[in-house]
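Chain by chain, the residues run as shown.
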Amino acid sequence: MTDQKDEFGNLLPDEFRLTKMGKFVRKTSLDELPQLINVLKGDMSFIGPRPLLVSYLSLYNEEQKKRHLIKPGITGWAQVNGRNTITWAQKFIYDVYYVNNISFLLDAKIFLLTIKKVLKREGINTVGQATTESFNGKN
């Protein structure tokens, strides 16, 4: 992404700042590879709820906070069920479902579906948006 700003000094929306290379990296999910370092360090798992911005922490309700009961992952139940094309509410439902139903079979299913989604390049962007909208606690 570039750091292009409007005449008032505000960053332009992501879709205007995303470069061709950035679109390619995002479309092919190559931007996820550095997270393997976090897995090797033990900070993340391959499968689990995707880590979100720290600024969102105060916005979670009690049910949504359950996603933090396990390590975050590179891919998860929400990613294979829509990734960036589903609502924030749906993402949290999928994340909490995973926390409550974690198993080897569910992990295997998520792993296989992740490969399928990456190869098909599904769910990367919401239609008409370069990135997903920010979570505000109400969406």
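Residues numbered from 1 in each chain as written. Predicted model: local features only at pLDDT ≥ 70, side-chain atom pairs only at ≥ 80, totals over all residues. Heavy atoms only, no water.

Naming follows an unreviewed UniProt entry, where the protein appears as Undecaprenyl phosphate N,N'-diacetylbacillosamine 1-phosphate transferase of Epilithonimonas pallida. According to its UniProt record, the protein has this under Sequence similarities (unreviewed entry): "Belongs to the bacterial sugar transferase family." (UniProt positions renumbered as here; feature names shortened; annotations may be inferred.)

Trainee: Quick one: what's the story with the UniProt feature "domain: Bacterial sugar transferase" (unreviewed entry) in the protein, residue by residue and with numbers?
Mentor: On the UniProt side, "domain: Bacterial sugar transferase" (unreviewed entry) is annotated at positions that read residues 13–120 here. With 54% helix and 6% strand, residues 13–120 has end C-alpha atoms that lie 26 Å from one another. (Helix = DSSP H or I, 4+ residues; strand = E, 2+ residues; numbered from the N terminus.)

Trainee: Tell me about the packing of helix H6 (residues 88–101) against helix H7 (residues 104–120), and please be specific about residues and values.
Mentor: At a minimum axis distance of 9 Å, the contact between H6 and H7 shows a crossing angle of 140 degrees. Between H6 and H7, the angle is such that the two are oblique. Between H6 and H7 lies a crossing whose hand is left-handed. For the pair H6 and H7, contact is made by Tyr97, Tyr98 and Asn101 and by Leu106, Asp107 and Ile110, respectively. (Axes fitted to C-alpha atoms, helices over the stretch in contact; angles between N-to-C directions. Parallel < 35°, antiparallel > 145°, perpendicular 65-115°, else oblique. Left-handed = near helix turned anticlockwise from the far one by under 90°. Contact = heavy atoms within 4.5 Å.)

Trainee: Which residues make up H7, and what values do they have?
Mentor: If you check H7, its first and last C-alpha atoms are 24 Å apart, about what 17 residues at 1.5 Å a residue would give, namely 24 Å. Buried residues along H7 sit against strand E1 (45–47), strand E2 (73–75), helix H5 (77–80) and H6. Phi turns positive one or two residues past the end of H7, at Arg121, with a value near 60 degrees. (Expected span 1.5 Å × (residues − 1).)

Trainee: Can you lay out the nonpolar core for me, pointing to particular residues and giving the numbers?
Mentor: Within the largest apolar cluster, six residues are counted, these being Ile47, Trp77, Val80, Tyr98, Leu106 and Ile110. Not counting residues within four places of it along the chain, the set of residues in contact with Val80 comprises Thr75, Ile110, Leu113, Thr114 and Lys117. The next biggest cluster of nonpolar side chains, apart from the first, holds five residues, and it includes Tyr56, Tyr60, Phe92 and Phe135. (Core = buried A, V, L, I, M, F, W, Y, C linked by side-chain atoms within 4.5 Å. Buried < 20%, exposed > 50% of the residue type's maximum accessible area, 1.4 Å probe, protein only.)

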